Amino acid sequence: MTLSQERILATEIPGPRSRELQARKVAAVSAGVGTTLPVYVEQAGGGVLRDVDGNQLIDFGSGIAVTTVGNAAPRVVEAVQRQVADFTHTCFMVTPYEEYVAVCEKLAQLTPGDHEKRSALFNSGAEAVENAVKVARHHTGRDAIVVFDHAYHGRTNLTMALTAKNMPYKHRFGPFAGEVYRAPMAYPYRWPGGPEACAEEAFDAFVATVHAQVGEDNTAAVLIEPIQGEGGFIVPPPGWLRRVADWCREHGILLIADEVQTGFARTGDWFACDHEGVVPDLMTTAKGMAGGLPLAAVTGRAEVMDSVHVGGLGGTYGGNPVACVAALAAIETMEAEDLPARAREIEKTFLPRLEALAARHPDRVGDVRGRGAMLAIELVSDGAGRTPDAALAGAVHRACSSQGLVTLTCGTFGNVFRFLPPLAIGDDLLAEGLDVFEAAFDAAVSGKVE
Ligand SMILES: *Cc1c(COP(=O)(O)O)cnc(C)c1O
């Protein structure tokens with residue numbers, strides 16, 4: 001059944017059926033699992049989510065950058081239906097199947113660099129990051145991992161240690177894994193010496209941190225999101241990532257690019273590293289890769305990935321055949337429909353409107369940033385004072401929700417409003433979603449949102 005590509009407000013949001021289900025949720029699901037918009041979804045596709053009350057919401061979140069090819073994308077649905085009827089699981093480590101190998105071949109072809117590569121498949125982004133760290137430590141014989149301020153790498157024990165933000169990800173969940181060190185992030189908007197000085201000074205601060213607090217020879221890997229995701233869609237200045245990559249190579253330190261959020265067409269290239277011409281030694285991918293099915297990968301230099309002893313990597317479900325055919329179908333969709341170009345088009349529609357909004361509200365929109373279909377504005381209470389305004393972000397979010405627009409916030413200070421529309425969204429819905437957002441923003445700024 002196809003879903004009409006239109007916003008429909010049939011009831012208040014959330015409607016009565018959603019409220020009933022939310023009451024059951026509260027009685028059955030751990031309170032630790034939050035829901036930012038308790039609207040229960042019945043069907044989704046293109047740029048629309050349909051809820052159990054008959055409302056249709058415009059999707060500017062893609063389930064956190066996952067349904068890049070659209071929800072229930074036709075090729076993905078067809079491939080999954082066929083595979084699920086053939087076989088659902090054997091465990092690749094017991095009796096393998098072609099689809100796993102085909103996904104790894106595709107990863108070798110699409111990821112940056114034309115060197116020989118190998119991949120291993122897992123179930124989640126955090127699991128991929130854990131395994132990239134395992135491989136880096138094993139290959140180098142070194143322990144230390146360097147990460148950055150505002151980083152987000154997941155919620156498992158090791159990845160909590162790698163993640164920067166305490167609330168809600170780490171608070172009272174320790175003790176955390178050791179040998180993780182944090183360097184300053186090149187964050188132009190909040191760099192003390194100003195955006196122009198950021199590239200140079202942030203690179204010097206990174207080198208000084210590793211040298212003084214860790215030691216180059218003790219460092220297995222530097223782990224970085226080429227554009228930070230949960231930490232606030234922070235785009236480092238041009239050239240900074242390249243310098244970090246070159247410096248790592250000089251010191252025998254592996255560069256792990258965490259492209260779990262930025263990967264697979266989201267930023268207007270296949271991977272965010274492509275934009276900087278950076279070739280990482282290892283890359284982690286997940287979110288957008290498999291059209292909504294759980295699949296993640298570590299892809300890296302053959303000599304690094306193959307240095308691990310047989311049986312050292314794996315997991316019962318990693319590279320599940322249904323998830324693998326979904327990934328192959330999602331990637332085929334990205335290629336056939338040139339979704340990297342679509343992401344660049346979305347940027348062209350979006351950015352001028354965000355910049356116009358910032359010009360209208362210079363005291364409240366401190367920064368507009370992002371790339372492709374991964375864009376954000378950072379909200380403040382006092383213009384050049386740059387005081388984070390999480391309350392305003394929350395009010396805009398509530399106003400968008402009540403008008404049938406699904407949006408997400410992020411950032412260490414909770415004050416970044418981010419946009420991650422599915423690349424399958426049509427131009428009309430995109431424009432309408434922006435209209436809704438702008439009206440919500442104006443209402444929130446003038447205090448008209450509860
Ligand atoms: C979401 C995310 C992860 C964690 O992925 P999960 O599938 O939620 O475990 C890791 N790194 C980055 C950059 C992410 O955005």
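Parameters and conventions
Residues numbered from 1 in each chain as written. Predicted model: local features only at pLDDT ≥ 70, side-chain atom pairs only at ≥ 80, totals over all residues. Heavy atoms only, no water. UniProt positions renumbered as here; feature names shortened; annotations may be inferred. Salt bridge = Lys/Arg side-chain N within 4 Å of Asp/Glu carboxyl O. Helix = DSSP H or I, 4+ residues; strand = E, 2+ residues; numbered from the N terminus. Buried < 20%, exposed > 50% of the residue type's maximum accessible area, 1.4 Å probe, protein only. Pairing = 2+ DSSP bridges. Axes fitted to C-alpha atoms, helices over the stretch in contact; angles between N-to-C directions. Contact = heavy atoms within 4.5 Å. Phe/Tyr/Trp six-rings, centres within 6.5 Å; stacked < 30°, edge-to-face > 60°. Lys NZ or Arg CZ within 6 Å of the ring centre and 35° of its normal. Near = heavy atom within 4 Å. Polar contact = N/O pair within 3.5 Å; in protein donor to acceptor, adjacent residues only side chain to side chain. Areas by Shrake-Rupley, 256 points an atom, 1.4 Å probe, with all protein chains shown as cover. Nonpolar A, V, L, I, M, F, W, Y, C, P; charged D, E, K, R; others polar. Domains from an automatic or database assignment. Buried area = accessible area lost by both parts, 1.4 Å probe.

If you check an unreviewed UniProt entry, the chain appears there as (S)-3-amino-2-methylpropionate transaminase from Nocardioides zeicaulis. Annotation of the chain in UniProt includes, under Sequence similarities (unreviewed entry), the sentence "Belongs to the class-III pyridoxal-phosphate-dependent aminotransferase family." Turning to the chain, the UniProt record has this under Pathway (unreviewed entry): "Amino-acid degradation; 4-aminobutanoate degradation."

Take the pattern of salt bridges next. The final tally for this structure, using the stated rule, is 23 salt bridges. The salt bridge partner of Arg7 is Glu432, with a shortest N-O separation of 2.8 Å. On the criterion of sequence distance, the pair formed by Arg7 in the segment before helix 1 (16–28) and Glu432 in helix 14 (residues 427–445) is long-range, its members being 425 residues apart. For Arg7, a relative accessible area of 25% corresponds to the partly exposed category. In this structure, the salt-bridge partner of Arg50 is Glu42, at a minimum N-O distance of 3.7 Å.

Within the open sheet, the four strands sit side by side as 11-12-15-14. Their pairing is antiparallel. Either end of the sheet is taken by a strand with one partner, and the two such strands are strand 11 (365–371) and strand 14 (408–410). Taken over all neighbouring pairs, the strand axes of this sheet differ in orientation by 25 degrees on average, direction set aside. Relative to strand 15 (residues 416–419), strand 14 runs antiparallel, the two sharing three bridges. Residue Leu408 lies in a different strand from strand 15, and its bridge partner there is Arg418. Against the sheet, helix 13 (residues 390–402) touches strand 12 (374–379), strand 14 and strand 15, its axis set at about 40 degrees to strand 15. Across the sheet, helix 14 is in contact with strand 11, strand 12 and strand 15; its angle to strand 12 comes to roughly 10 degrees.

Moving on, we come to the packing of aromatic side chains. Scanning all chains against the criterion turns up 18 aromatic pairs. Between the aromatic rings of Phe437 and Phe441, the centroid separation amounts to 6.0 Å while the plane-to-plane angle is 55 degrees, which identifies the pairing as tilted. In this pair, Phe437 and Phe441 both sit in helix 14, four residues apart, roughly one turn of the helix. Taking the relative accessible area as the measure of exposure, Phe437 reaches 0% and is therefore buried. By the ring-pair criterion, three or more aromatic residues cluster together here, those being Phe60, Phe350, Phe417, Phe419, Phe437 and Phe441. Its guanidinium or amino end placed over the ring of Phe176, Lys170 lies 5.2 Å from that ring's centre, counting from NZ or CZ. Residue placement shows Arg386 over the ring face of Tyr189; its charged tip is 5.9 Å from the ring centre.

Time to look at the pairing of strand 3 (residues 56–59). The two faces of strand 3 match: Gln56 and Ile58 on one face and Leu57 and Asp59 on the other face are all buried. Pairing of strand 2 (residues 48–51) with strand 3, which is carried by three bridges, proceeds in the antiparallel orientation. For Arg50, the partnering residue across the bridge sits in strand 3 and is Gln56.

Moving on to the sheet that holds strand 13 (residues 405–406). Spatial ordering of the open sheet is given by 1-2-3-13, a layout of four strands whose pairing is mixed. Each of the sheet's edge strands pairs with one partner strand only, and the pair in question is strand 1 (41–45) and strand 13. In this sheet, strand 13 lies alongside strand 3 in parallel orientation, the contact comprising two bridges. Across the sheet, residue Ile58 finds its bridge partner in strand 13, namely Leu405.

It is worth spelling out the site of the ligand at this point. Close contacts around the ligand come from Ser124, Gly125, Ala126, Tyr152, His153, Gly154, Glu225, Asp258, Val260, Gln261 and Lys287, and that covers them all. Gly125 places a polar main-chain atom, nitrogen or oxygen, 2.7 Å from an oxygen atom of the ligand. Between a nitrogen atom of the ligand and a main-chain N or O atom of Tyr152, the distance comes to 3.5 Å. Taken by itself the ligand offers 380 Å² of open surface, and the protein chains cover 82% of this. Per-class residue counts for the shell around the ligand are three nonpolar, five polar and three charged.

What follows is about the environment of Val222. Tracing the sequence through the fold places Val222 in strand 7 (residues 219–224). Separated by 26 residues in the primary sequence, Val222 and Cys248 place their C-alpha atoms 7.5 Å from one another. If near-sequence neighbours (up to four positions away) are discounted, Val222 is found in contact with Val146, Phe148, Phe206, Val244, Cys248, Ile253, Leu254, Leu255 and Ile256.

A separate point is unusual backbone geometry. Cis geometry marks the peptide bond from Met167 to Pro168, where omega comes out at 5 degrees. Of note, Pro168 is situated in the loop between helix 6 (157–162) and strand 6 (180–183). Cis geometry marks the peptide bond from Gly174 to Pro175; its omega dihedral reads 5 degrees. By secondary structure assignment, the location of Pro175 is in the loop between helix 6 and strand 6. Despite not being glycine, Ile64 has its phi angle at roughly 65 degrees, a positive value. Its location among the elements puts Ile64 in helix 2 (residues 62–65). The phi torsion at Phe264 lies on the positive side, around 60 degrees, for a residue other than glycine. As for its position among the elements, Phe264 is in the loop between strand 8 (254–258) and helix 9 (272–276).

This part takes up the domain arrangement of the chain. Segmenting the chain into domains produces domain 1 (16–72 + 338–445) and domain 2 (75–336). Computed from C-alpha coordinates alone, the two centres of domain 1 and domain 2 are separated by 25 Å. With 40 residues of domain 1 at the contact, the number on the domain 2 side is 36 residues. Summing both sides of the interface, domain 1 and domain 2 together bury roughly 3100 Å²; the carbon and sulfur share of this comes to 58%. For the domain 1 face of the interface with domain 2, the top three residues by lost area are Arg371, Met374 and Arg386, together amounting to 26%. The interface formed by domain 1 and domain 2 contains two salt bridges. The residue Glu378 makes a salt bridge to Arg190 at a minimum N-O spacing of 2.7 Å. Among the secondary structure elements, those contributing two or more residues to the side of domain 1 that touches domain 2 are helix 2, helix 12 (339–360), strand 11, strand 12 and strand 15. With five residues, the top contributor of residues to the side of domain 1 that touches domain 2 is strand 11. Classifying every residue of the side of domain 1 that touches domain 2 gives 22 nonpolar, 10 polar and eight charged.

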